[in-house]
Amino acid sequence: MSLIPAKCIEFNDKRKVCVAEENGKKYNLNNHFGLLIRKVKIDKCLDQDIGEKRCDYLMDCENLKRVIFIELKGGDLNKAVVQIYSTIVYLKNEFINYKIDARIVGSKDVPRFKNTPAYRKLAKDVLPTGGRIERATNYIYIENI
């Protein structure tokens, strides 16, 4: 049984441009090959404990066995990392044998970001899958699939 309820799925189709946008931050996934992409609203939609924070969205492609966890954040990138990590741990069984990616879109950078304990913890779950942790601090992140 899936931990992702149908009410949280914003789309599941072959659109050419898949967008997650919030508070002036934007993530674009350009779907050049017309693959089936599912976008899921995570924060305030999936079950979570009081005080627990999750990332904003995920996009996944079953054909590629790839999932992208997305956090659209103002300035605190460390909180973004914690939110993505919490979501990955919660949904881990949904994405067995998937490449796991993390994307953070914010407005400013954090010095020595990769040296923080939260980042290293996230990297232990993401990097062994062949995934990457990427951040953009110019309010937008665009990638192609």
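None of these values were measured; they are calculated from a predicted model. (Residues numbered from 1 in each chain as written. Predicted model: local features only at pLDDT ≥ 70, side-chain atom pairs only at ≥ 80, totals over all residues. Heavy atoms only, no water.)

It is worth spelling out the sheet that holds strand β8 (residues 133-136) at this point. Strand order in the open sheet formed by six strands is β1-β4-β5-β6-β7-β8, and the pairing between neighbours is mixed. Looking at the sheet topology across the chains shown, the edges are occupied by β1 (9-13) and β8. On average, each strand axis in the sheet is inclined to that of its neighbour by 15°, with strand direction left out of account. (Pairing = 2+ DSSP bridges. Helix = DSSP H or I, 4+ residues; strand = E, 2+ residues; numbered from the N terminus. Axes fitted to C-alpha atoms, helices over the stretch in contact; angles between N-to-C directions.)

Looking now at helix α2 (residues 117-126). What α2 keeps buried is the set Y119, L122, A123, D125 and V126. End-on view of α2: buried residues confined to an arc of 160°, all on one side of the axis. Turned more than 90 degrees away from the buried face of α2 sit P117 and K124, all of them exposed. For α2, the secondary structure elements touched by its buried residues are α1 (77-91), β7 (99-105) and β8. (Buried < 20%, exposed > 50% of the residue type's maximum accessible area, 1.4 Å probe, protein only. Arc of directions from axis to C-beta. Contact = heavy atoms within 4.5 Å.)

Now for the state of the cysteines. This model, assessed by the stated rule, comprises one disulfide. Disulfide partner of C8: C45, at an S-S distance of 2.0 Å. Disulfide C8-C45: torsion about the S-S bond near -100°, hence left-handed. On the criterion of sequence distance, the pair formed by C8 in the segment before β1 and C45 in the loop between β4 (37-41) and β5 (57-61) is long-range, its members being 37 residues apart. Its relative accessible area of 15% is what places C45 among the buried residues. Of all cysteine sulfurs, the one in C8 lies closest to C55, which takes part in no disulfide; the gap is 12 Å. We classify C55 as buried; its relative accessible area is 0%. This cysteine, C61, is not joined by any disulfide, and C18 carries the nearest cysteine sulfur, 9.4 Å off. The exposure class assigned to C61 is buried, which follows from its relative accessible area of 1%. (Disulfide = S-S within 2.5 Å.)

If you trace the backbone, A80 turns up in helix α1. Given the relative accessible area of 0%, A80 is considered buried. Between the C-alpha atoms of A80 and A102, which are 22 residues apart in sequence, the distance is 9.9 Å. Sequence-distant contacts of A80, defined by excluding residues within four places in its chain, comprise E71, K73 and I104.

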